[in-house]
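Structure at a glance
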Amino acid sequence: MYRRATSGVRSASTRLSSSLTKIASTETASVSAPSAPLLLNQTNRSKSFSSALRSFRVCSASTRWSHGVSWGSPASLRAQSRNSAPVMEKFERKYATMASEHAYKDILTSLPKPGGGEYGNYYSLPALNDPRVDKLPFSVRILLESAIRNCDNYQVTKDDVEKILDWENTSTKQVEIAFKPARVILQDFTGVPVLVDLASMRDAVKNLGSDPSKINPLVPVDLVVDHSIQVDFARSEDAAQKNLELEFKRNKERFTFLKWGSTAFQNMLVVPPGSGIVHQVNLEYLGRVVFNSNGFLYPDSVVGTDSHTTMIDGLGVAGWGVGGIEAEAAMLGQPMSMVLPGVVGFKLDGKLKEGVTATDLVLTVTQILRKHGVVGKFVEFYGEGMSELSLADRATIANMSPEYGATMGFFPVDHVTLEYLKLTGRSDETVSMIESYLRANNMFVDYNEPQQERAYTSYLQLDLGHVEPCISGPKRPHDRVPLKDMKADWHACLDNPVGFKGFAVPKEKQEEVVRFSYNGQPAEIKHGSVVIAAITSCTNTSNPSVMIGAALVAKKASDLGLEVKPWVKTSLAPGSRVVEKYLDRSGLREYLTKQGFEIVGYGCTTCIGNSGNLDPEVASAIEGTDIIPAAVLSGNRNFEGRVHPQTRANYLASPPLVVAYALAGTVDIDFEKEPIGTGRDGKSVYLRDVWPSNEEVAQVVQYSVLPSMFKSSYETITEGNPLWNELSAPSSTLYSWDPNSTYIHEPPYFKNMTANPPGPRQVKDAYCLLNFGDSVTTDHISPAGNIQKTSPAAKFLMDRGVIPEDFNSYGSRRGNDEVMARGTFANIRIVNKLLKGEVGPKTVHIPTGEKLSVFDAASKYKTAEQDTIILAGAEYGSGSSRDWAAKGPLLLGVKAVIAKSFERIHRSNLAGMGIIPLCFKSGEDAETLGLTGHERYTVHLPTKVSDIRPGQDVTVTTDSGKSFVCTLRFDTEVELAYYDHGGILPYVIRSLSAK
């Protein structure tokens, strides 16, 4: 589908529209023509409509095979139990005909079971008898299988298959392919706005005179509620329960809305709060690796609305983050248009040295890959060193793919993968099926056998023995600092000019001390004092080795009489309930508790900015001073302003090092030469005195981590908890919007929508709303953390009777466009060049020269019907895959963003919302072109979308007489079609409505 052929946009648009209309008129919810084997074994035909969809759709899920339990909540099972036998008969007749015409029916093969019988049928890559297959990276073979399976010479053609087969030549030519993920995964911060969009799309379809039930997920969707928990309570035995209760109190509206969605939409599962972090749940339970859908086998694949969806790549499942806008389209059956990526082969040799953790390794890999340049590419790991890495180690590396810029960090399935599947409770029969299929289809790596040489776009190599202990910061994940250099690096950061590695603290103020009273006891804070120490994030809490390592550090420190200072906000937020079970079995949890690392909840906390308030006495001591306190966390993001408004220095570290820095109380320390404290015997205690050996850690992990823990944790995961079960949600196809709600609000995207597309929107004499430098992240554009009391969003909430204590976070308010528009560019650390050095969420309204909040300035431009654009540097939109970072600017009236470069997902999100992404030519930017941001800009695009080409040159002129040429970053014909319609969602609505 979606060729960049001579037919251009009109052909792509017509083709997709025809496809979606055809889907809409079949009376079923099928996405694409399934292949023949789906019709060969129908003895276990599902009674329900949605279950039948899961069985017969090539890119859908099988039953939740992992533990032999039903994964539908009672409510969603009821919603899926509608009998539709007449529809199914029509469905089967239609697709039996289509399957018989499948272009690759000749390579349809049965897979025998070792003990007799067969698992089912599959499309065999070896049966192609094409020598190019054996040289393909494993990650590309997954794309190839998908294209073959979906090839109906209508949506996907043999030409698509040929492009992938010829990957060695085509991957350098920016060729376009369509990809259909097997499933979609969401977390609640991104999932709520997705459901809000789907609900409002139903209204729009109804208003256009069509059936609103057409708006329904056509692939399985799993939504894990994990981002709403905040660390309001810490260092107490009941902290987790109190935080959970407060989470429900704050988010009752959102959770009720999610519960409505779980019944109103088919194919949707909602995992209740308190269950774990989405990516760890995905790794430990949801990941199938191979689907067996009624006797048809194919690889698992997933896209998610969180950039760290890539964690599942460590399990050999192809998965990556997309924007919520792209995810919605995929949910509604639209193939994802993507450029066939290059693949970087990363060879690992040797083994990690004593005392080196997976966190040290991933920070090293991140730095290497950032330097190499892997944006838009897959990274595939291989080599003899793979046998030295546990599955959890691999998942840690895969998790941070967004930090090193790759679409995926992929680990092909091997024996280590199979052992992990068994450890996490997958049945022996399931694991045997997975191994048999992958071996038969040349997708399994057996390092005991000679390896076929595979082709890669470029090659990297790392000897694991060269990795050394390190942390990363103080403001970016890829700014790695070897532990031995940390003290010197910290002092350099104090000296350096303000920037990613600088705070510009005058020499005479670097020894400044703030003394205060904490619970009646004297306390002090200096530059670098640790005020937050958090063991958090799926990146590390999914890895038993580093979690046990942290517990052993805590035990050894406790045995020697060391204690973390009471004013340090310590917390432990595991990514699944399994962590608590193995910590308890090991007998080590009590030592983490002694050091203040009580469990505060099961979800994404400090890493996403849900760190909660500091103790008032600590916060007051920092307030009004120039002191730079620090946070140390085992997360994957440490952008300034993200972790906590008062921690200007934020470092990523392994869980054992988080405990060590909490004990030391400062990042201004050389662990080799300086003690972390004084023992009860009066002697100095060094890091080496409390650091466990690799053998110690391995022995405890071996004893403590058991398959039964995973089984018992996930058998009951969908039963939720009493707080969730008590929620009462409406049962209706259309959502009844409450105009007074400050959490859930009908968005304006589809108001007054017409049946015909509006066409390209010209950008003429636009003002510059903001002028940015490099590395503006989605956290800068659309923060997820606290709502500042002086912000436009706070004013909006207070005007509606919401007191500051109930503001909650921006992330929790993403279902309300009024709040989010006011929260766009509201990050307190944002740097806008129009303000000439002043830091904060303001800008200059160019016509009047007024300094206003970004929202107020944008409102004045919109009232005057004046277009706006944004100027930016390199890596614009890096960080989380946050759809509101594109929706927010759209609501502010931004028509185009002109940047040196874009982060992959954010560029796609801008295109999906109809905002024009433009790139300066190489070697140019606003500064080199002499642009100040006070000019007025006109973007000279053709007025007919059929005259626009992906990636074409576009001239931009200004009222100052300067002009320059940019590259249009609509990368595919499909994105141009979205632009023509005003965005991807209006496009889908019109297509589904135009029967």
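See the structure above.
The structure contained in this document is the topic of the report that follows. (Residues numbered from 1 in each chain as written. Predicted model: local features only at pLDDT ≥ 70, side-chain atom pairs only at ≥ 80, totals over all residues. Heavy atoms only, no water.)

Another aspect to go through is the side chain of Asn216. With respect to the element layout, Asn216 can be found in the loop between helix H9 (188–207) and strand E5 (221–224). Reaching out from Asn216, the side chain makes a polar contact with the backbone nitrogen of Gln266 at a distance of 3.2 Å. (Helix = DSSP H or I, 4+ residues; strand = E, 2+ residues; numbered from the N terminus. Polar contact = N/O pair within 3.5 Å; in protein donor to acceptor, adjacent residues only side chain to side chain.)

This next bit is on unusual backbone geometry. Each neighbour pair has its own omega, and for Gly473 with Pro474 the value is 15 degrees, a cis peptide bond. With respect to the element layout, Pro474 can be found in the loop between strand E16 (470–472) and strand E17 (480–482). In this structure, Asp765 takes a positive phi of about 50 degrees despite not being glycine. Along the chain, Asp765 turns up in strand E26 (residues 763–771). Of note in the backbone geometry, Phe825 takes a positive phi value of approximately 60 degrees without being a glycine. Mapped onto the elements of the fold, Phe825 is located in the loop between helix H31 (817–823) and strand E27 (842–845).

Before going further, it helps to examine the packing of helix H20 (residues 544–559) against helix H26 (residues 694–704). Each pair of packed helices can be summarised by the angle the axes make with each other and by the distance between the axes. At their nearest, the axes of H20 and H26 sit 9 Å apart, and the two run at 115 degrees to each other. Regarding the angle of H20 to H26, the classification is roughly perpendicular. Here H20 and H26 pass one another in a crossing that is right-handed. Of H26, the residues touching H20 (which contributes Pro544, Ser545, Ile548, Gly549, Leu552 and Lys556) are Glu696, Val697, Val700 and Val701. (Axes fitted to C-alpha atoms, helices over the stretch in contact; angles between N-to-C directions. Parallel < 35°, antiparallel > 145°, perpendicular 65-115°, else oblique. Left-handed = near helix turned anticlockwise from the far one by under 90°. Contact = heavy atoms within 4.5 Å.)

Taken together, four strands build an open sheet; the order of strands is E14-E13-E12-E15 and the sheet is parallel. Edge strands, defined here as strands with exactly one partner in the open sheet, are strand E14 (408–410) and strand E15 (458–463). Taken over all neighbouring pairs, the strand axes of this sheet differ in orientation by 20 degrees on average, direction set aside. Along the sheet face, helix H13 (residues 358–372) touches strand E12 (343–349), strand E13 (378–382) and E15 and points at about 150 degrees away from the line of E15. (Pairing = 2+ DSSP bridges.)

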